[in-house]
Amino acid sequence: MFEIGINLTSSQFDKDRQQVVERARAAGLSGMLITGTSAQESVDAQRMAAEHPDFCWSTAGVHPHQASEWNEQVAASIRQMAELPNVVAIGECGLDFNRNFSPADLQEAAFTAQLALAKELQLPVFLHCRDAGERFAALLKPWLADLPGGVVHCFTGTRHELELYLSLGLSIGITGWVCDERRGLELREMLPLIPAERLMLETDAPYLLPRDMENKPKNRRNEPAFLPHIVNQVALWRGEDPQWLADITDANARKLFALPERR
């Protein structure tokens, strides 16, 4: 199984980052994608990925929360990272109108600039969208024909948004949000609507620890070693065999990010 979204640069992993990777391997993961969310974190993500060749890769991008930091220097840094062989996607990029940590116009400008870079470098996009579905789709749609593809990471939107993203040919990343009996029930009901070849799975660790896990860690920190729980639960709710789902979502990730076949 392949983890498409681990925030390994988070300070929550400072004390045991190496052990987190080791536990992921021991849990049966075949690979992980480390998320870059700013210029500096993209540098850090690439460095961490390089420490684990053929198991870790990374993205390079600026999250909409940090969009106000976008400038020529940041753009040059993201480009430099994106040209390295173990950086396999542009992002995390997109729109977040839920918190608006950066003004909407600056979010749109940074998003569009990163789409242009993805087109130029022929890299897929690792996407974030919250409370901005229609505008997100409108900005993204003109670029999609010239991109290798994209995944809406940590999808928690509405059925309308899901159908819209699928109609655009995007893949959908599902996290432990779906394991939350308070907030995840609507998403749980939508799981069968996602074609198997468009589904990817992730923890978004250290966030979104699955609430229905037994023996949850006392620190409430999520990590990639818990991905098998998400795989099993998603398979249950989709009516599929967990091993089959683990295999096909692994293959989906490797295809989108142009990674070697699983050993």
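Residues numbered from 1 in each chain as written. Predicted model: local features only at pLDDT ≥ 70, side-chain atom pairs only at ≥ 80, totals over all residues. Heavy atoms only, no water.

The element strand S5 (residues 125–130) is extensively covered by neighbouring structure, given that five of its six residues are classed as buried. Pairing of strand S4 (residues 87–96) with S5 involves six bridges; the strand directions are parallel. Bridging across to S5, Gly94 finds its partner in His128. On the question of chirality, the crossover connecting S4 to the parallel S5 by way of helix H4 (residues 104–121) is right-handed. When S5 meets strand S6 (residues 150–152), the two strands line up parallel, connected through three bridges. (Buried < 20%, exposed > 50% of the residue type's maximum accessible area, 1.4 Å probe, protein only. Helix = DSSP H or I, 4+ residues; strand = E, 2+ residues; numbered from the N terminus. Pairing = 2+ DSSP bridges. Right-handed = clockwise from strand over helix to strand, strands pointing away.)

Our focus in this paragraph is the side chain of Arg17. By the element assignment, Arg17 lies in helix H1 (residues 17–26). Exposure remark for Arg17: the relative accessible area of 19% places this residue in the buried category. From its side chain, Arg17 meets the backbone oxygen of Leu8 in a polar contact 2.7 Å long. When sequence neighbours within four positions are dropped, the list of residues in contact with Arg17 reads Leu8, Thr9, Ser10 and Met48. (Polar contact = N/O pair within 3.5 Å; in protein donor to acceptor, adjacent residues only side chain to side chain. Contact = heavy atoms within 4.5 Å.)

On to the UniProt feature "binding site: a divalent metal cation" (unreviewed entry) in the protein, then. Per the UniProt annotation, the sites labelled "binding site: a divalent metal cation" (unreviewed entry) are Glu92, His128 and His153. Over a stretch of 62 residues, the named residues converge on one spot in the fold, their C-alpha atoms separated by at most 8.3 Å. Assignment of secondary structure puts Glu92 in strand S4. On the basis of relative accessibility, which here comes to 4%, the residue Glu92 falls in the buried class. The contacts of Glu92, once residues within four sequence positions are left out, are Thr35, Gly36, Thr37, Thr59, Gly61, Val62, His63, Pro64, Phe126, His128 and His153. There is a polar contact of 2.9 Å between the side chain of Glu92 and the side chain of His128. Positionally, His128 belongs in strand S5. (UniProt positions renumbered as here; feature names shortened; annotations may be inferred.)

Time to look at the pairing of S4. For S4, the tally of buried residues reaches ten of ten residues, placing the bulk of the element in the interior. Alignment of strand S3 (residues 56–60) against S4, held across three bridges, turns out to be parallel. Across the sheet, the residue bridging to Ala60 is Ile90, located in S4.

Take the sheet that holds strand S8 (residues 199–201) next. Sheet architecture is open: eight strands sit in the order S1-S2-S3-S4-S5-S6-S7-S8, paired in parallel fashion. Bordering the open sheet on either side are strand S1 (2–6) and S8, each of which pairs with just one other strand. The mean angle between the axes of side-by-side strands here comes to 30°, regardless of whether they run parallel or antiparallel. (Axes fitted to C-alpha atoms, helices over the stretch in contact; angles between N-to-C directions.)

With that settled, the discussion passes to the nonpolar core. In globular proteins that are soluble, nonpolar side chains generally tend to be buried together. Counting residues in each nonpolar core, the largest one holds 68 residues, and the members touching the most others are Phe111, Leu127, Phe136, Tyr165, Ile172, Ile174 and Val234. Within the second largest apolar cluster, 13 residues are counted, among which are Phe2, Ile4, Val88 and Phe126. (Core = buried A, V, L, I, M, F, W, Y, C linked by side-chain atoms within 4.5 Å.)

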